[in-house]
Amino acid sequence: MPELPEVETVRRGLEPSMTGEKILRADVNRPDLRWPFPERMAERLTGATVLQLRRRSKYILADLDSAETLLIHLGMSGRMTVSGDPLGQFVHEHPAQGKHDHVVFHMKNGARITFNDPRRFGAMDLMATGAEGTHPLLAKLGPEPLGNSFSEDHLIAALKGKNSPIKSALLDQHIVAGLGNIYVCEVLFRAGIHPARKASRISEARIAALVPIIREVLLEAIDAGGSSLKDFRQADGELGYFQHNFRVYGREGQPCVTPDCASGIKRITQSGRSSFFCPSCQR
Ligand SMILES: [Zn+2]
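Residues numbered from 1 in each chain as written. Predicted model: local features only at pLDDT ≥ 70, side-chain atom pairs only at ≥ 80, totals over all residues. Heavy atoms only, no water.

Undergrad: What exactly am I supposed to notice about the pairing of strand β3 (residues 59-64) here?
TA: On a regular strand, one side chain projects to one face of the sheet and the next to the other, so that they alternate. Within β3, six of the six residues are buried, which leaves it mostly tucked inside the rest of the structure. With burial as the criterion, each face of β3 is covered, one bearing Y59, L61 and D63 and the other bearing I60, A62 and L64. Where strand β2 (residues 50-56) lies against β3, six bridges are found, and the strand directions are antiparallel. Residue pairing in the sheet places Q52 in a bridge with D63 of β3. What sits between β2 and β3 in their antiparallel hairpin is a turn of two residues, with S57 showing a positive phi close to 55°. (Buried < 20%, exposed > 50% of the residue type's maximum accessible area, 1.4 Å probe, protein only. Helix = DSSP H or I, 4+ residues; strand = E, 2+ residues; numbered from the N terminus. Pairing = 2+ DSSP bridges.)

Laid out in structure tokens, this is it:
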């Protein structure tokens, strides 16, 4: 499932072919994904120019010159591909349309942006630009982890008295937006905090230390995603899925990477999701 760094990589990968460009035509090949598409979506997108591409949590927001903003959510299995970019950045031929190509943007510069989503947990919506604060998917999101409002004070206050495990608290999108299972596992390993420890039982100093660690883990992954875009010519045109070396995620039974630690990485299930951790390094 794409997490914040993957979504940011998709956003950056779309910029050269979408920002400042007109959508000549949008093909909307079905009535819905996770939810119905907005009314007359193809018509409302056709002829609009993309002013800028932003990201909020795991949502890509395309501000249009029609005073509307297109929201794109990749869901569990959504993929965006770029083909036929005339700037020479991408050399991919337009592929034949696939069964799960639900929305296709034909850009004036010749690029074709395809949204493919076999499981259809993704979403697209249109809203008035500036109305993100009241959109049902965005209104209750906590601060952006890489933004200025995500601070030590915010996190200490948000976790005060929380009896849930720290793992669940960091996955709570009201506390911090956009953190998912993979990167929370990595953050807790670097912070030396056991994923099952109750949030209220962690000292303020250790909570405060989570803030720079969260930023570091996300920025490293975004960097890895950026490198993947440089190899894009050789790739198949799909954005945002890149190789990244995790220290604990997916490493059950393998040795801990901490020098001199003799433990192996363990996996437990919390709220139906796997937590990977080192029982010696994380307390
Ligand atoms: Zn260890």
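Undergrad: Would you explain the coordination of the zinc ion in this entry?
TA: Four donors placed tetrahedrally about a metal ideally form angles of 109.5 degrees, and six donors placed octahedrally ideally form angles of 90 or 180 degrees. Protein coordination at the zinc ion: the donors are C256 (SG), C261 (SG), C278 (SG) and C281 (SG), at 2.2 to 2.4 Å from the metal. Coordination geometry of the zinc ion: the four donor atoms subtend angles of 104 to 113° at the metal centre, consistent with an arrangement described as tetrahedral. Each donor residue of the zinc ion lies on the same chain, and together they follow the pattern C-x4-C-x16-C-x2-C. Placement of C261 in the loop between α6 (204-230) and β9 (266-270) and of C278 in the segment after β10 (273-277) is noted, with a sequence separation of 17 residues between them. Its relative accessible area of 18% is what places C261 among the buried residues. Judged by its relative accessible area of 0%, C278 falls in the buried class. (Donors = N, O, S within 2.8 Å, 3.2 Å for Na, K, Ca; no water. Tetrahedral: all angles 85-135°; square planar, octahedral: opposite > 155°, others 65-115°.)

Undergrad: Please clarify how the packing of aromatic side chains should be interpreted in this entry.
TA: Two aromatic rings are characterised by how far apart their centres lie and by the angle between their planes. Counting across every chain of the model gives three aromatic pairs. Between Y183 and F246 the ring centres are 5.9 Å apart and the planes differ by 70°, which places this aromatic pair in the edge-to-face class. Of the two residues, Y183 is situated in helix α5 (residues 181-191) and F246 in the loop between α6 and β9; the sequence distance between them amounts to 63 residues. Three or more aromatic residues link up through ring pairs in this structure, and these residues are Y183, F246, Y249 and F276. (Phe/Tyr/Trp six-rings, centres within 6.5 Å; stacked < 30°, edge-to-face > 60°.)

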